[in-house]
2 protein chains.
Amino acid sequence: MRKIDPVKHEQKRQEIIRAALCCFVRHGFHGASTTDICVAAKISPGHLYHYFPSKDAIIEALVQENLAHAASRFEAILASPNVIDALLIEIENASIHRPEAQVLSTEALAEACRNPAFAHIVHEHARAMRALLVDFLTKAQRRGDVDSGLDPGATANILFVIIDGARALPIRNPTVDIKQTTEHLRTMLARFLKPSVSRTPPAAGAKRRACGPLSLLKKR
Amino acid sequence: MRKIDPVKHEQKRQEIIRAALCCFVRHGFHGASTTDICVAAKISPGHLYHYFPSKDAIIEALVQENLAHAASRFEAILASPNVIDALLIEIENASIHRPEAQVLSTEALAEACRNPAFAHIVHEHARAMRALLVDFLTKAQRRGDVDSGLDPGATANILFVIIDGARALPIRNPTVDIKQTTEHLRTMLARFLKPSVSRTPPAAGAKRRACGPLSLLKKR
């Protein structure tokens, strides 16, 4: 039996995942065939099966990679001095500044509406991502960075709403004013998430941020 | 030439639009054929062309109907005693409580990613809907119901984000706690949109609502 070089194997695996990603963006999850993926990755179908037994296995690898990336990003956000600002930048990078994610996310949602097996993948991904968000929000609440009156599970759902909606926006309006819209998105999320002096009077000696980042609003 | 009864003609036209809607939900805008629509509407292809020259003409009629409905809803919201609460109920009814709209919206976005002619329809619809939202927000700002520091155009974009995101949420998570999530959605939008005592000190004698609707948050 041929000896497998683990470094080269992982490198090729990553190449196939990247090639598949391009195919899914171009043809959709249903439309992209393993033949398309083999052509894009410059390998034979026989060679592909050394790495992935099926297209579904490639999609599963993409999901796991996405979750691992998200987990490391949440750690980085919690380590930053301003958790809310770091979260907002991350949300913008995952949505409004990533055309590839806009198409993939839309394709995944549409495919989930039609195909129960694909819907299961989408549900499992959302469940795992939601657990990461809930863990992140609970930690941020304990540190006093997020309003402790908010339920972490429901707030995680709201962040899903924002990310999916922000991914749809440039599809609906390709000439959208990205700068002004992201400034308003930041204002909304800051007003929602930050503990506010006006809502919850701080305990004696406790330091709290004000609610409205007025600098982000239009000049009057 | 046969004389056309305008009432019966409009009734049949509406039946065809409703039948087409069911087909688009089931098969997508691309997948649904005029044959599917004729079967669902119980008419012959020849008969269909008395009402609509093409599938695109049916889609255009759907778009125009949707815009007319939205315009009448914005008028009703502006006539209600609490504009923000009425807007939030409308957003919930257009998204989180309408499975049909969730599938149609997702299908429209996915089709817009693949088909430039369809993308044009989506862009024109968004442009007209955005104009309605901007008009509504400007009027609500003049009445003191919406924070005058927000740009109406950018705020309209944010409302698009919320509606599209809220439509995607039950697709990602079919067991989502709708009640708790809509409560948090209301809290976020109220904190974002309402003029706040803490952000903008009211003029002498002016009556303003407080920023945080604490009753909507979880009991501590």
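Definitions and limits used
Residues numbered from 1 in each chain as written. Chains lettered and ligands numbered in written order. Predicted model: local features only at pLDDT ≥ 70, side-chain atom pairs only at ≥ 80, totals over all residues. Heavy atoms only, no water. Least-squares fit on C-alpha atoms with pLDDT ≥ 70 in both. Buried < 20%, exposed > 50% of the residue type's maximum accessible area, 1.4 Å probe, protein only. Helix = DSSP H or I, 4+ residues; strand = E, 2+ residues; numbered from the N terminus. Domains from an automatic or database assignment. Contact = heavy atoms within 4.5 Å. Buried area = accessible area lost by both parts, 1.4 Å probe. Salt bridge = Lys/Arg side-chain N within 4 Å of Asp/Glu carboxyl O. Polar contact = N/O pair within 3.5 Å; in protein donor to acceptor, adjacent residues only side chain to side chain. Nonpolar A, V, L, I, M, F, W, Y, C, P; charged D, E, K, R; others polar. Phe/Tyr/Trp six-rings, centres within 6.5 Å; stacked < 30°, edge-to-face > 60°. pLDDT = per-residue confidence, 0-100.

Student: What should I look at first to understand the relation of the copies chain B and chain A in this one?
Tutor: For the pair of chain copies, the relating transformation is a rotation about an axis with a translation along it. The operation relating chain B to chain A is a screw motion whose rotation component is 180°, with 0.0 Å of axial translation and a residual RMSD of 0.0 Å. The relationship between the two copies is best expressed as a two-fold rotation axis. Within chain B, Gly165(B) has its C-alpha nearest the rotation axis, a separation of 1.9 Å.

Student: Is there a simple way to think about unusual backbone geometry in this case?
Tutor: Most peptide bonds are trans, and most residues other than glycine sit at a negative phi. Phi is positive for Lys42(A), close to 55°, though the residue is something other than glycine. Taking relative accessible area as the criterion, Lys42(A) reaches 74% and is therefore assigned exposed.

Student: Where do I start with the environment of Glu124(B) in this structure?
Tutor: Residues and elements named next belong to chain B. Within the secondary structure, Glu 124 sits in helix 7 (residues 116-142). Judged by its relative accessible area of 32%, Glu 124 is partly exposed. Expressed as a C-alpha distance, the spacing of Glu 124 and Pro 45, which sit 79 residues apart in the sequence, is 28 Å.

Student: Looking at this structure, I do not really get the domain arrangement of chain A. What am I missing?
Tutor: By a frequent convention, interface size equals the accessible area lost on bringing the separate parts together. Residues and elements named next belong to chain A. Domain boundaries in chain A define domain 1 (8-53) and domain 2 (55-193). Here the C-alpha centroids of domain 1 and domain 2 sit 26 Å apart. Contact with domain 1, which involves 18 residues of that partner, is made by 14 residues of domain 2. It is Leu 21, Val 25 and Phe 29 that lose the most area in domain 1 upon contact with domain 2, and together they represent 41% of the buried surface on that side. Scanning the region where domain 1 abuts domain 2 turns up 1 salt bridge. Residue Glu 65 pairs with Arg 18 through a salt bridge whose shortest N-O separation is 2.9 Å. At the surface where domain 1 touches domain 2, the tally comes to 5 residue pairs in polar contact (both at pLDDT 80 or more). For the side of domain 1 that touches domain 2, the element with the most residues is helix 1 (residues 6-31), which contributes 12 residues. Residues belonging to the side of domain 1 that touches domain 2 are distributed by class as follows: 12 nonpolar, 4 polar and 2 charged.

Student: Sorry if this is basic, but what is going on with the interface of chain B and chain A here?
Tutor: Contact with chain B, which involves 55 residues of that partner, is made by 55 residues of chain A. Remark: the boundary between chain B and chain A carries 6 salt bridges. A salt bridge links Asp147(A) to Arg191(B); the nearest nitrogen and oxygen atoms lie 3.1 Å apart. For the pair chain B and chain A, the number of links is 18 residue pairs in polar contact (both at pLDDT 80 or more). Contributing elements (two or more residues each) for the side of chain B that touches chain A: helix 6 (99-114), helix 7, helix 8 (152-172) and helix 9 (178-193) of chain B.

Student: Honestly, the pattern of salt bridges in this entry has me stumped. Any pointers?
Tutor: Oppositely charged side chains may form a pair once their charged atoms are brought near each other. Tallying each qualifying case throughout the model produces 28 salt bridges over all chains. Across the pair Asp135(A) and Lys139(A) runs a salt bridge whose closest N-O atoms are separated by 2.9 Å. Of this pair, Asp135(A) and Lys139(A) both sit in helix 7 (residues 116-142), separated by 4 residues, roughly a single helical turn. The salt bridge involving Arg127(B) is made with Glu124(B); its shortest N-O contact spans 2.9 Å. Of this pair, Arg127(B) and Glu124(B) both sit in helix 7, 3 residues apart, roughly one helical turn. Connected via shared salt-bridge partners are Glu107(A), Glu111(B) and Arg114(B).

Student: Mind showing me how you'd approach the packing of aromatic side chains here?
Tutor: The geometry of an aromatic ring pair is captured by the separation of the ring centres together with the interplanar angle, meaning the angle of the planes. Taken as a whole and judged by the stated rule, the model has 6 aromatic pairs over all chains. Aromatic pair Phe24(B) and Phe29(B): ring centres 4.8 Å apart, planes at 35°, arrangement tilted. Summarising the burial analysis for this pair, Phe24(B) and Phe29(B) share the class buried. Among the aromatic residues, those joined into a cluster by ring pairs are Phe24(A), Phe29(A) and Phe118(A).

Student: For this particular structure, what's the right way to read the confidence of the model for chain A?
Tutor: Regions with low pLDDT carry predicted coordinates that are not meant to be interpreted in detail. All names here are of chain A. Counting all residues, the mean pLDDT for chain A is 87, and 88% of those residues have values of 70 or more. Mean pLDDT across the elements of chain A bottoms out in helix 5 (residues 83-94) (90) and peaks in helix 8 (residues 152-172) (96). Under a pLDDT of 50 for its full length, residues 200-220 has, in the predicted model, 43 contacts with residues more than four places off or in other chains.

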